[in-house]
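Summary of structural features
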Amino acid sequence: MRVCCMEFLALIIAVVLYQWAVIPITKKKIGFLRDDSNPLFYDYKTKWQMPFELLTSIAMIVLAVLLAPLLGIGSAFFIPIGLVAIFIVRGKLEYKYMADYKHHIISYLHAFAIFFAFAAVFLFAIISK
């Protein structure tokens, strides 16, 4: 049990370091510009982007809850799948509408990090079983 906790702690530390070190360094290197008029909320690029993200989030949560009896804890993987889909769509739209700013790189890095973190947890669960 102690080994399990140590590996999850290492994964959490890796994610924290990613959020506090890799993302800020990457933002600085690519010249990430924040919209000062709207610093708290994401600047949606199209009219359908926000409804798409909300519906994706709701659909993934509903699927996770409804399929929990069938899939057990595996139904939780609908959540990172939805997040990765949202960040990939954000990246594509940022590339289409703001390619000069290179903000799409951050969205793709977020998608990769979420995928990597949950894939590591999944692999750990399979190996430790």
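Reading the values: the criteria
- Residues numbered from 1 in each chain as written.
- Predicted model: local features only at pLDDT ≥ 70, side-chain atom pairs only at ≥ 80, totals over all residues.
- Heavy atoms only, no water.
- Core = buried A, V, L, I, M, F, W, Y, C linked by side-chain atoms within 4.5 Å.
- Buried < 20%, exposed > 50% of the residue type's maximum accessible area, 1.4 Å probe, protein only.
- Helix = DSSP H or I, 4+ residues; strand = E, 2+ residues; numbered from the N terminus.
- Salt bridge = Lys/Arg side-chain N within 4 Å of Asp/Glu carboxyl O.
- Phe/Tyr/Trp six-rings, centres within 6.5 Å; stacked < 30°, edge-to-face > 60°.
- Expected span 1.5 Å × (residues − 1).
- Contact = heavy atoms within 4.5 Å.
- Axes fitted to C-alpha atoms, helices over the stretch in contact; angles between N-to-C directions.
- Parallel < 35°, antiparallel > 145°, perpendicular 65-115°, else oblique.
- Left-handed = near helix turned anticlockwise from the far one by under 90°.
- Nonpolar A, V, L, I, M, F, W, Y, C, P; charged D, E, K, R; others polar.

1. Things to note about the nonpolar core
If you look at the biggest cluster of nonpolar residues, it comprises five residues: Tyr18, Ile23, Ile30, Ile106 and Ala113. Those elements that provide at least two residues to this core are α1 (2-30) and α5 (104-128). Sorting elements by how many residues they give to this core places α1 first, with three residues.

2. A word on the pattern of salt bridges
For the coordinates displayed, the defined rule picks out one salt bridge. Between Arg90 and Glu53 there is a salt bridge whose closest N-O contact spans 2.9 Å. With a gap of 37 residues between them, Arg90 in helix α4 (residues 78-98) and Glu53 in helix α2 (residues 49-66) connect regions that are remote in the sequence. With a relative accessible area of 15%, Arg90 lands in the buried category. Glu53 sits in the buried class, given a relative accessible area of 7%.

3. Topic: the packing of aromatic side chains
On inspection of all chains with the given rule, the structure shows three aromatic pairs. Taking 6.2 Å as the distance between ring centres and 80 degrees as the angle between the ring planes, the aromatic pair formed by Phe77 and Phe118 counts as edge-to-face. One end of the pair, Phe77, is in the loop between α3 (68-71) and α4; the other, Phe118, is in helix α5, and 41 residues separate them in sequence. Judged by relative accessible area, which is 23%, Phe77 ranks as partly exposed.

4. What about α5?
For α5, spanning 25 residues, the distance from its first C-alpha to its last is 36 Å, which sits close to the expected 36 Å at 1.5 Å a residue. When α5 is considered as a whole, its buried residues turn out to be His104, Ile106, Ser107, His110, Ala111, Ala113, Ile114, Ala117 and Phe124.

5. Points about α4
With 21 residues, α4 extends 29 Å from end C-alpha to end C-alpha; this agrees with the ideal 30 Å at 1.5 Å per step. Buried within α4 we find Phe78, Pro80, Gly82, Val84, Ile86, Phe87, Val89, Arg90, Gly91, Leu93, Glu94 and Met98. Those residues of α4 that are buried are in contact with α2, α3 and α5.

6. Considering the side chain of Ser107
Residue placement: Ser107 occurs in helix α5. On the basis of relative accessibility, which here comes to 5%, the residue Ser107 falls in the buried class.

7. Thoughts on the packing of α4 against α5
Following both chains from N to C, one finds α4 and α5 inclined at 165 degrees, their axes separated by 7 Å at the closest point. In this view, α4 runs roughly antiparallel relative to α5, as classed from their interaxial angle. Every pair of crossing elements has a handedness; the one defined by α4 and α5 is left-handed. Between α4 and α5, the contacting residues are Pro80, Leu83, Val84, Phe87, Ile88, Arg90, Gly91, Lys92, Glu94 and Tyr95 on the first element and His104, Ser107, Tyr108, His110, Ala111, Ile114, Phe115 and Phe118 on the second. Grouping the amino acids of the contact of α4 with α5 by side-chain chemistry returns eleven nonpolar, four polar and three charged.

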